[in-house]
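Examining the three-dimensional arrangement
Okay, here's what each chain looks like letter by letter:
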Amino acid sequence: VPASVSRDGALHATVTGVDAYLYRVGIGLDCADPAIYPDSPRPVAQPLTADLRSFPDAELTLCVLGVAAPGMRQLPTRATVYKWRHDATAPISQLLAPTVAGPALQVGGNLVLQGVAQDAGSGVARVEVMLSRDADGFCLGADGLTFRAVCPVWLLASGTSVWGLTVPGASLTGGTYS
């Protein structure tokens, strides 16, 4: 089940302790209402999955009823209920330095990338940056030193809403980078 806020596009859960189950995912569900559940139970061997991409930013509810044997269903008033905030809006990040038309910001011979990021729904947990060399399309590797890696390679920047990534000057040769 997702954390208190989630941007996951799919829900994957495992149901145990019963032979089968019924479930429903939605906005504003009353899990005690027997009419919301499908007629046919799913066997426990079949994981609970749901596509969440069509849901807007909202509180989602997962209602689950256990089925022990044909005709022996958990009462809807005793359904297992999970609620979480679904964040359907992607974060926004902007590169502030170096600027596209301007010179690179260099500190002690190193290239310093700086930017800002925001996410109104769930906040920014981390910022990851990919830097590729235009001449050959290679990415800066996880070591942060060489451009031999096949893209994408995501490097963790420091900070969240205001972030930075320092690339050692020795890694950079003449040319352009994206």
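Cut-offs used in this document
- Residues numbered from 1 in each chain as written.
- Predicted model: local features only at pLDDT ≥ 70, side-chain atom pairs only at ≥ 80, totals over all residues.
- Heavy atoms only, no water.
- Helix = DSSP H or I, 4+ residues; strand = E, 2+ residues; numbered from the N terminus.
- Contact = heavy atoms within 4.5 Å.
- Disulfide = S-S within 2.5 Å.
- Buried < 20%, exposed > 50% of the residue type's maximum accessible area, 1.4 Å probe, protein only.
- pLDDT = per-residue confidence, 0-100.
- Pairing = 2+ DSSP bridges.

1. Side note on the environment of Val18
You can see Val18 is positioned in the loop between β2 (10-13) and β3 (20-27). Val18 sits 25 residues away from Pro43 along the chain, and the two C-alpha atoms are 8.9 Å apart. Setting aside residues no more than four positions away along its own chain, Val18 makes contact with Val44, Gly66 and Val67.

2. With respect to the state of the cysteines
Scanning the model with the defined rule gives two disulfides in all. At a sulfur-sulfur separation of 1.8 Å, the disulfide partner of Cys31 is Cys63. Judged by the torsion about the S-S bond (-65°), the Cys31/Cys63 disulfide is left-handed. With Cys31 in the loop between β3 and β4 (42-43) and Cys63 in strand β6 (residues 58-69), the pair connects residues that are 32 residues apart, well separated along the chain. Across the pair, exposure class does not vary: Cys31 and Cys63 are buried alike. With its sulfur 2.0 Å from that of its partner, Cys139 forms a disulfide with Cys151.

3. Looking at the confidence of the model for the chain
Taken as a whole, the chain shows an average pLDDT of 85; of its residues, 90% reach a score of 70 or greater. Within the chain, the lowest mean pLDDT, 52, falls on strand β10 (residues 106-107), and the highest, 95, falls on β3.

4. Focus: the pairing of β2
Covered by surrounding structure in β2 are Leu11 and Ala13 only, the residues Ala10 and His12 on the alternate face being uncovered. As defined by bridge partners, β2 adjoins strand β5 (residues 48-51) across four bridges and the pair is classed as antiparallel. For Ala10, the partnering residue across the bridge sits in β5 and is Asp51.

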